Amino acid sequence: MATLLIAEHDNQSLGDSVSKAASAAKLIGEDIDILVAGKDCSNVAEAAAKIDGISKVLICDNEIYKKHLAESYSQLIISLSENYKTFIAPATTTSKNFMPRVAALLDVPQVSDIISVIDEQTFEHPIYAGNAIETVKISSEKKVITVRSTAFQASGEQDSVNIESIEASEESVLSKYVSEELTESDRPELTSAKIIISGGRGMQSGENFVLLEAIADKLGAAVGASRAAVDAGFVPNDYQVGQTGKVVAPELYIAVGISGAIQHLAGMKDSKVIVAINKDEEAPIFQVADYGLVADLFKAIPDLEKALG
Amino acid sequence: MKVIVPIKRVVDYNVKIRVKSDQSGVELDNIKMSMNPFDEIAVEEAIRLKEAGTVTEIIALSIGPQQAQETIRTALAMGADRGILVKSDENVSPLNVAKIIKVIAEEENPDLIILGKQAIDDDSNQTGQMLSALLGWSQGTFASEVKIDGQSVLVTREVDGGLQTIKLNLPSIITTDLRLNEPRYASLPNIMKAKKKEITEKTPEDYNIAMKSDLEILKVSEPAQREAGVKVETVEELVDKLKNEAGVI
Ligand SMILES: Cc1cc2nc3c(=O)[nH]c(=O)nc-3n(C[C@H](O)[C@H](O)[C@H](O)COP(=O)(O)OP(=O)(O)OC[C@H]3O[C@@H](n4cnc5c(N)ncnc54)[C@H](O)[C@@H]3O)c2cc1C
Ligand SMILES: Nc1ncnc2c1ncn2[C@@H]1O[C@H](COP(=O)(O)O)[C@@H](O)[C@H]1O
């Protein structure tokens with residue numbers, strides 16, 4: 001029996017998280033096929049065929065899957081389920097939308113956000129915003145797993161394997177795509193950036209985020225935010241780092257005007273180096289920061305921009 | 001239109017939890033418990049739909065220990081009409097929760113079930129999606145806006161790239177994200193009124209559900225702790241350390 005890895009993509013490019021999820025899948029030890037379902041997504045399939053450890057790529061190129069609507073997507077996976085024991089995907093908002101449906105339709109449990117594979121049935125995953133790690137064992141024959149990609153290295157590359165076209169499954173009429181408003185940015189994506197600079201309520205306004213953007217441009221960094229900054233409307237929702245936003249682990253995370261609530265730490269405390277800039281020396285963010293600077297950000301950030309040359 | 005809102009009693013979001021030394025779980029004795037924050041948002045959304053005249057009845061449903069009754073009372077004080085408590089002292093997995101809600105939905109015939117996107121204790125983010133699959137109803141997860149329009153509902157969803165709007169045929173499952181609304185506090189008169197509202201008590205056995213037990217929790221352990229580092233005095237010192245000590249810029 002084999003593992004089916006479901007690819008995260010936007011029909012043009014394969015998400016970085018997929019190769020990391022492949023590393024987790026390799027640890028489970030079964031043959032791994034990867035499913036690319038979307039519209040005009042052959043580039044994605046070609047990239048998937050080069051991920052080390054993949055046996056073959058299944059591509060389902062059909063209008064139905066263009067927007068990854070959960071009802072039809074889960075139905076497609078179920079139509080393939082006879083051949084697979086393990087269903088695995090990186091824990092993105094797309095897979096969080098359809099993977100639990102696959103689990104329910106198979107009548108098996110899902111383990112969300114695994115951070116390690118103990119054996120093919122036993123996994124570790126964070127609970128309580130990462131303040132505890134739960135080890136769980138699944139005894140059903142089939143299982144559904146989502147992977148926290150910050151916990152795994154990318155799988156290497158291999159010579160391309162076969163790409164096989166598969167039939168679409170029935171389209172669900174329950175939901176329809178209407179529109180989307182995607183944040184356009186030339187900067188790296190939060191979840192794959194090597195450096196992130198995030199702003200919190202201390203930024204005071206959306207306009208002030210240009211201060212962070214100037215630094216981001218010098219460092220090739222992504223810009224993130226706390227929930228408070230998103231709630232206040234300073235920046236869009238997809239900037240949010242934390243328990244209920246994005247989980248990141250860059251080489252360098254710079255937290256500016258962020259107090260360091262448990263829910264924010266949950267999304268960034270596995271970063272390699274953490275810098276905190278905050279005017280309150282008691283702010284909890286300093287307890288996890290490698291380098292703390294107690295300062296007014298409106299002075300420190302322009303100075304930092306100059307110092308970076 | 002009738003709405004069911006499943007609510008979970010969880011450790012309050014402000015509490016810094018502690019793992020038990022025997023690794024059997026987290027310390028729950030004398031710990032402040034509250035309604036899962038996403039479920040407060042779900043209750044609030046149902047109440048706003050009722051205030052707008054779209055919804056006529058709101059049922060707050062919780063699966064958990066006897067004390068989950070207090071959580072249901074909170075929802076009733078906010079404005080829900082009646083409660084159902086399915087008593088269980090066990091840790092009920094998302095799939096089992098979804099199965100229980102499904103049977104209750106088949107009895108009650110709601111048009112909408114609004115859940116939280118995630119319980120902040122198990123952080124699973126599964127129940128709503130599982131329920132939708134089991135019932136064969138449409139799903140709109142991570143909602144930041146909900147608009148009912150005749151027999152359909154427009155849901156704007158918070159996704160990794162930004163926002164996505166989809167149109168669902170009713171009946172539907174909706175799960176809430178943080179920016180859907182700001183939940184109200186219950187007023188004193190409403191807290192008093194809630195004491196008279198009805199809460200029906202049940203057990204999972206009453207619903208004849210084959211609960212699955214193929215997920216075993218082996219242990220709960222402490223995560224690796226991060227050590228606090230050093231304070232730097234100036235921006236120049238910071239840049240120097242990042243370049244020459246940490247080597248990250
Ligand atoms: C269910 C739930 C889920 C949540 N999920 C998330 C999540 O995913 N991500 C998240 O981030 N939060 C989340 N939160 C919110 C979290 O609890 C905090 O409220 C939030 O992180 C606070 O954001 P903040 O640090 O920007 O704001 P604050 O806590 O208000 O901190 C602002 C900081 O800025 C500093 N400051 C102000 N002015 C200046 C200045 N001029 N110079 C320097 N420093 C300054 C202050 O000293 C303060 O420390 C969640 C909460 C709940 C209940
Ligand atoms: N024991 C429970 N009782 C009632 N509702 C629940 C329970 N567990 C989960 N839910 C609902 O399902 C949502 C998602 O939970 P989870 O899938 O555990 O992250 C919660 O926000 C609740 O709305």
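Just so we're clear, the structure is a prediction, and the values are computed from it rather than from any experiment.

Student: Lay out the packing of helix α5 (residues 209–219) of chain A against helix α8 (residues 297–307) of chain A with the relevant residues and their values.
Tutor: A pair of packed helices is captured by two measures, namely the crossing angle of their axes and the spacing between those axes. Residues and elements named next belong to chain A. Close contact between α5 and α8 brings their axes to 9 Å; oriented N to C, the two are set at 25°. In terms of their interaxial angle, α5 and α8 are classed as roughly parallel. The element α5 and its partner α8 pack so that their crossing is left-handed. Facing Leu-211, Leu-212, Ala-214, Ile-215 and Lys-218 of α5, the residues of α8 in contact are Phe-298, Ile-301, Pro-302, Leu-304 and Glu-305. Classifying every residue of the contact of α5 with α8 by side-chain character gives 8 nonpolar, no polar and 2 charged.

Student: I'd love a proper account of the side chain of A:Thr244, names of residues and values included.
Tutor: Within the secondary structure, A:Thr244 is located in the loop between α6 (227–231) and β14 (252–256). A distance of 3.3 Å separates the side chain of A:Thr244 from the side chain of A:Gln240, its partner in a polar contact. What A:Thr244 contacts, discounting residues up to four positions off in sequence, is B:Phe38, B:Lys117, B:Gln118 and B:Leu178.

Student: Now, about the confidence of the model for chain B: what can you tell me, with residues and values included?
Tutor: Residues and elements named next belong to chain B. Looking at chain B, the pLDDT average stands at 97 and 100% of residues meet or exceed 70. Averaged pLDDT values over the elements of chain B bottom out at 96 in strand β12 (residues 215–221) and peak at 99 in strand β1 (residues 2–6). Reported confidences for the modelled complex are a pTM of 0.98 and an ipTM of 0.97.

Student: Give a description of the sheet that holds strand β5 (residues 82–87) of chain B that names residues and reports values.
Tutor: By definition, the strands of a sheet pair up through backbone hydrogen bonds, in either a parallel or an antiparallel sense. Taken together, 10 strands build an open sheet; the order of strands is β11(A)-β9(B)-β8(B)-β7(B)-β10(B)-β6(B)-β1(B)-β4(B)-β5(B)-β11(B) and the sheet is mixed. Strands with a single pairing partner mark the edges of an open sheet, and in this sheet they are β11 (175–182) of chain A together with β11 (199–202) of chain B. Between one strand and the next, the sheet's axes are offset by a mean angle of 30°, whatever the strand orientation. By the bridge criterion, 8 bridges tie strand β8 (residues 152–159) of chain B to strand β9 (residues 162–169) of chain B in an arrangement that is antiparallel. If you follow B:Val155 over to β9(B), its bridge partner there is B:Ile166. Against the sheet, helix α4 (residues 93–106) of chain A makes contact with β7 (138–149) and β8 of chain B, and its axis sits at roughly 100° relative to β7(B), the strand it touches most. Relative to β5(B), helix α2 (residues 68–78) of chain B is tilted by about 165°, and along the sheet it contacts β4 (57–64), β5 and β11 of chain B.

Student: Explain the site of ligand 2 residue by residue, including any values.
Tutor: Residues and elements named next belong to chain B. Taken together, 18 residues lie near ligand 2, and Pro-6, Asp-39, Ile-63, Ala-119 and Thr-127 sit nearest. Here an oxygen atom of ligand 2 and a side-chain polar atom of Asp-39 are 2.5 Å apart. Backbone polar atom of Ser-124 to an oxygen atom of ligand 2: 3.5 Å apart, as the coordinates give it. Computed on the free molecule, ligand 2 has an accessible area of 480 Å², of which 98% lies beneath the protein chains in the complex. Elements with a minimum of two residues in the shell around ligand 2: β4 and β6 (112–116). At 3 residues, β4 tops the list of elements feeding residues into the shell around ligand 2. Of the residues contributing to the shell around ligand 2, the split by class is 7 nonpolar, 8 polar and 3 charged.

Student: So what's going on with the state of the cysteines? Residues and values would help.
Tutor: All names here are of chain A. Here the structure, examined in full by the defined rule, presents 0 disulfides over all chains. Considering cysteine sulfurs only, Cys-60 is the nearest to Cys-41, which forms no disulfide, with 8.1 Å between them. On the accessibility criterion, Cys-41 (0% relative accessible area) is buried. Among the residues examined, Cys-60 registers a relative accessible area of 1% and is labelled buried.

Student: If you had to explain the nonpolar core to someone new, which residues and values would you point to?
Tutor: The biggest cluster of nonpolar side chains holds 50 residues, and the ones touching the most others in it are A:Leu4, A:Ile6, A:Leu35, A:Ile77, A:Phe87 and B:Ile113. The leading source of residues in this core is helix α3 (residues 94–108) of chain B, at 7 residues. Not counting chain neighbours up to four residues away, the residues in contact with A:Phe87 comprise A:Leu4, A:Ile77, A:Ser81, A:Met99, A:Val102, A:Leu106, A:Lys142, A:Lys143, A:Val144 and A:Ile145. Counting residues in hydrophobic clusters, the runner-up holds 39 residues, among them B:Ala42, B:Val55, B:Ala60 and B:Leu170.

Student: Can you lay out the site of ligand 1 for me, pointing to particular residues and giving the numbers?
Tutor: The local shell around ligand 1 holds 29 residues, among which A:Arg201, A:Ser226, A:Gln240, A:Thr244 and A:Ser259 are the closest. More than a single chain frames ligand 1: its nearby residues are located in chains A and B. The backbone of A:Arg227 places a nitrogen or oxygen atom 2.9 Å from an oxygen atom of ligand 1. One of the side-chain N or O atoms of A:Thr244 is found 2.7 Å from a nitrogen atom in ligand 1. Protein contacts shield 86% of the accessible area of ligand 1, which totals 990 Å² for the unbound molecule. For the shell around ligand 1, the secondary-structure elements that each account for two or more residues are α6, α7 (262–265) and α8 of chain A together with α1 (37–51) of chain B. Here the shell around ligand 1 is built from residues that sort into 11 nonpolar, 13 polar and 5 charged.

Student: Explain the interface of chain A and chain B to me, using residue names and the numbers behind them.
Tutor: It is common to report an interface's size as the accessible area lost on association of the parts. If you look at the interface, chain A gives 84 residues, while chain B gives 76 residues. Counting the surface lost from both chain A and chain B, the interface buries some 6,600 Å², and carbon and sulfur atoms represent 55% of this. For the pair chain A and chain B, the interface holds 4 salt bridges. Notably, a salt bridge pairs A:Asp107 with B:Lys99, separated by 2.7 Å at the nearest N-O pair. Our enumeration of links across chain A and chain B arrives at 44 residue pairs in polar contact (both at pLDDT 80 or more). A class-by-class count of the residues in the side of chain A that touches chain B yields 41 nonpolar, 22 polar and 21 charged. Pairing of strand β8 (residues 132–138) of chain A with β12(B) involves 6 bridges; the strand directions are antiparallel.

Student: Tell me about a nonpolar patch on the surface, residues and numbers included.
Tutor: Taken together, the side chains of B:Leu188, B:Ile191 and B:Met192 define a hydrophobic patch exposed on the protein surface, amounting to about 290 Å² of accessible area. Among the structural elements, B:Leu188 can be located in helix α5 (residues 188–194).

Student: Now, about the packing of aromatic side chains: what can you tell me, with residues and values included?
Tutor: All names here are of chain A. All chains considered together, the criterion is met by 4 aromatic pairs over all chains. A ring pair is formed by Tyr-84 and Phe-87, whose centres lie 6.4 Å apart and whose planes are at 70°; its orientation type is edge-to-face. Exposure remark for Tyr-84: the relative accessible area of 4% places this residue in the buried category. Overall, Phe-87 belongs to the buried group, its relative accessible area being 0%. Here the aromatic residues Tyr-65, Tyr-73 and Phe-98 are joined through ring pairs into a cluster of three or more. In this structure, Lys-67 is placed above the aromatic ring of Tyr-177, and the distance from its NZ or CZ to the ring centre is 4.7 Å.

Calculation rules
Residues numbered from 1 in each chain as written. Chains lettered and ligands numbered in written order. Predicted model: local features only at pLDDT ≥ 70, side-chain atom pairs only at ≥ 80, totals over all residues. Heavy atoms only, no water. Axes fitted to C-alpha atoms, helices over the stretch in contact; angles between N-to-C directions. Helix = DSSP H or I, 4+ residues; strand = E, 2+ residues; numbered from the N terminus. Parallel < 35°, antiparallel > 145°, perpendicular 65-115°, else oblique. Left-handed = near helix turned anticlockwise from the far one by under 90°. Contact = heavy atoms within 4.5 Å. Nonpolar A, V, L, I, M, F, W, Y, C, P; charged D, E, K, R; others polar. Polar contact = N/O pair within 3.5 Å; in protein donor to acceptor, adjacent residues only side chain to side chain. pLDDT = per-residue confidence, 0-100. Pairing = 2+ DSSP bridges. Near = heavy atom within 4 Å. Areas by Shrake-Rupley, 256 points an atom, 1.4 Å probe, with all protein chains shown as cover. Disulfide = S-S within 2.5 Å. Buried < 20%, exposed > 50% of the residue type's maximum accessible area, 1.4 Å probe, protein only. Core = buried A, V, L, I, M, F, W, Y, C linked by side-chain atoms within 4.5 Å. Buried area = accessible area lost by both parts, 1.4 Å probe. Salt bridge = Lys/Arg side-chain N within 4 Å of Asp/Glu carboxyl O. Patch = residues over 30% accessible without salt bridge, like charges linked within 9 Å, V, L, I, M, F, W, Y side chains within 5 Å. Phe/Tyr/Trp six-rings, centres within 6.5 Å; stacked < 30°, edge-to-face > 60°. Lys NZ or Arg CZ within 6 Å of the ring centre and 35° of its normal.

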